[in-house]
Amino acid sequence: MTQISVDKDFLEELADTKLRVLQEEIEEILVKWAYDDIDQLLSDAKTGILEEAEDDAVCLRNLVAKRDNLVQFKTAIDKDNSEGEGGRPEYPQGDQWTALILAAKEELLSLRDDWDGEGAQQVKESTFWRAVRFLRSLQAFVQQQQSAPLLELPDIFPRPNGDILIQWKTDQFQLVVTIPEDESKPAVYYGKGDAENVTKGTVTFAKLPQIYVNCVQMFS
Amino acid sequence: MTNEVEEIFDEDLLYRRIHVQYVKKSLSPDAFDFRGDGCSVDLARLTTPESTRSGSPRNPPECYKVGVLEAGKVRGIGLTLDHCPEPDNPAHSLILPPGGIEAADILGFQTELVNLCLQRPLL
């Protein structure tokens, strides 16, 4: 086998691009058959519930295998950087989470200074990876709860000052948290349910996952 | 139109230029950020949505949506409104938060402004 040296960032970009393409192809098949669960589609195609879906099911299985291999590969190349606060964490697990993070990465990191025409700062890569770390730790934290609350997919926004804002808006509650560009600053949050009662304040980064769980418990 | 300061009545509508980056499944609270003197809006009776949308000197109008707020509802959540006409924008007004409040309160006001804004379709 011939070995060549490749810049790590370039390699990661290639992997991200390939992952995105695979994810789009997977979603295209899911949309075609009006499914949102890969396993269910594969199962229904196998048992004949879904007629004439065999070719797509084979294709879907191959795409999922390729994607899982690529995610493993990415995890391996991210591993060196995963130590310490500034490193790159594992992505939250799940198809929709992967798609969310990849889309946010492409969108947020492509913004340049003054992207809003009113002097907004670009989002730094370190801020983005801190947001990913928060979402990964939130996922793990939620799974550890005795009666694990449903973890909804949030929207991820750039802030004018270079921070990142993550917002959940569900039928039961609304929660907004900020991921500051400056690691020494606390995160700010604001949550509310259907009624007038709200929860708000500042909190250290490590305690942010608890805020989500509190919000779900208070307002659901 | 003149540059005289006008009273903003509760039934007045206000237009806010909102960058499309803030529009996803939900609307970001930063659609109403309080950078500088306050949150800039336009008094609707002195302008048009198209004029508000094209008010950025650096980005094309396609980069923006226009959110609509009712003045009375903005006051109803504890914010103040001032008409502050500018030479190139006689409709310019400011939404001002109370003094001496914390970052979480600001985020709360921004979130509530978004919720008020979503009572009407974005233009």
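None of these values were measured; they are calculated from a predicted model.

Undergrad: How should I be thinking about the pattern of salt bridges in this particular structure?
TA: Opposite charge on two side chains lets them pair, provided their charged atoms get close. The final tally for this structure, using the stated rule, is 17 salt bridges over all chains. Among the ionic pairs, lysine 32 of chain A bridges to aspartate 56 of chain A, the shortest N-O distance being 2.7 Å. Placement of the pair is lysine 32 of chain A in helix H1 (residues 8-32) and aspartate 56 of chain A in helix H3 (residues 54-79), with a sequence separation of 24 residues. On the basis of relative accessibility, which here comes to 56%, the residue lysine 32 of chain A falls in the exposed class. Among the ionic pairs, lysine 73 of chain B bridges to glutamate 70 of chain B, the shortest N-O distance being 3.6 Å. Given the relative accessible area of 26%, glutamate 70 of chain B is considered partly exposed. Several salt bridges share partner residues, and in doing so they unite Asp116 of chain A together with Arg16, Asp33 and Arg35 of chain B into one network.

Undergrad: I keep staring at a nonpolar patch on the surface and nothing clicks. Help me out?
TA: A surface patch of nonpolar side chains, about 410 Å² in accessible area, is lined by Ile4, Val6, Phe10 and Leu14 of chain A. Looking at where isoleucine 4 of chain A falls in the secondary structure, it is placed in the segment before H1.

Undergrad: Sorry, what's going on with the sheet that holds strand E2 (residues 164-169) of chain A here?
TA: Hydrogen bonds between backbone atoms are what pair the strands of a sheet, whose relative direction is either parallel or antiparallel. Residues and elements named next belong to chain A. What the 5 strands build is an open sheet, ordered E1-E2-E3-E4-E5; its pairing is antiparallel. Strands with a single pairing partner mark the edges of an open sheet, and in this sheet they are strand E1 (155-158) and strand E5 (198-203). Averaged over all adjacent pairs, the angle separating strand axes in this sheet is 15 degrees, with direction ignored. For strand E3 (residues 174-179) and strand E4 (residues 187-192), the ladder comprises 4 bridges, and the chain directions are antiparallel. Of the residues in E4, the one forming a bridge with valine 177 is tyrosine 189. Of the strands in this sheet, E1, E2 and E3 touch helix H5 (residues 125-144), which is tilted by about 35 degrees from E2.

Undergrad: Would you take a moment to explain the nonpolar core for this structure?
TA: Side chains of a nonpolar character, in soluble globular proteins, are inclined to be buried together. Membership of the largest hydrophobic core comes to 34 residues, with the highest contact counts inside it found for Phe128, Phe134, Ile164, Ile166, Trp168 and Tyr212 of chain A. Broken down by secondary-structure element, the contributors of at least two residues to this core are helix H4 (95-109), H5, E2, E3, E4 and helix H6 (208-219) of chain A. A total of 8 residues in this core trace back to one element, the largest contributor, which is H5 of chain A. Counting contributing residues, this core receives three or more from each of domain 1 (1-108) and domain 2 (123-220) of chain A. In this structure, Leu14, Cys39, Leu113 and Val114 of chain B belong to the second largest nonpolar core, which totals 27 residues.

Undergrad: Please explain the packing of aromatic side chains as it appears in this structure.
TA: The description of an aromatic ring pair uses the distance of the two centres, along with the angle that the planes make with each other. Taken as a whole and assessed by the stated rule, the structure comprises 5 aromatic pairs over all chains. Between the aromatic rings of phenylalanine 128 of chain A and tryptophan 129 of chain A, the centroid separation amounts to 5.2 Å while the plane-to-plane angle is 70 degrees, which identifies the pairing as edge-to-face. The buried category is assigned to tryptophan 129 of chain A, whose relative accessible area is 3%. Three or more aromatic residues link up through ring pairs in this structure, and these residues are Phe134, Trp168, Phe173 and Tyr212 of chain A. Here the basic side chain of arginine 17 of chain B rests over the ring of tyrosine 64 of chain B, its NZ or CZ set 5.5 Å away from the ring centre.

What counts, and at which threshold
- Going along each chain's sequence as written, the residues are numbered from 1 onward.
- As they are written, the chains are lettered A onward and the ligands numbered 1 onward, keeping that order.
- Residue-level local features of this predicted model are given only where pLDDT is at least 70; pairs of side-chain atoms are given and counted only at 80 or more, and the full residue set underlies all totals for whole chains, interfaces and linings.
- Side-chain measures here rest on the full set of heavy atoms in the structure, leaving out hydrogens and waters.
- A side-chain nitrogen of Lys or Arg and a carboxyl oxygen of Asp or Glu constitute a salt bridge if their distance falls within 4 Å.
- Secondary structure elements are defined from DSSP: runs of H or I of at least 4 residues count as helices, runs of E of at least 2 residues count as strands, and each element is numbered from the N terminus.
- The cut-offs for exposure are 20% and 50% of the maximum accessible area for each residue type, with area from a 1.4 Å probe on protein chains only; residues under the lower value are buried, those over the upper are exposed, and the others partly exposed.
- Residues with no salt bridge and a relative accessible area higher than 30% make up the patches, which join like charges within 9 Å and nonpolar side chains (Val, Leu, Ile, Met, Phe, Trp, Tyr) within 5 Å.
- Areas reported here follow the Shrake-Rupley algorithm with a probe of radius 1.4 Å; residue values treat only the protein chains shown as occluding.
- Being paired, for any two strands, means DSSP has found at least two bridges between them.
- Axis angles are defined between N-to-C directions and span 0 to 180 degrees, where every axis is a line fitted to C-alpha atoms and, for a helix, only to the segment in contact.
- Contact between two residues is taken to exist if any of their heavy atoms lie within 4.5 Å; hydrogens are not considered.
- We call a set of buried residues a nonpolar core when its members are Ala, Val, Leu, Ile, Met, Phe, Trp, Tyr or Cys and they connect through side-chain atoms within 4.5 Å of each other.
- Each domain's limits were defined by an automated method or a database of domain assignments.
- Working definition: a ring pair exists when centres of Phe, Tyr or Trp rings (six-membered ring for Trp) sit within 6.5 Å. Plane angles under 30 degrees give stacked, over 60 give edge-to-face, the rest tilted.
- The rule is short: NZ of Lys or CZ of Arg within 6 Å of the ring centre and within 35 degrees of the ring normal puts a charge over the ring.

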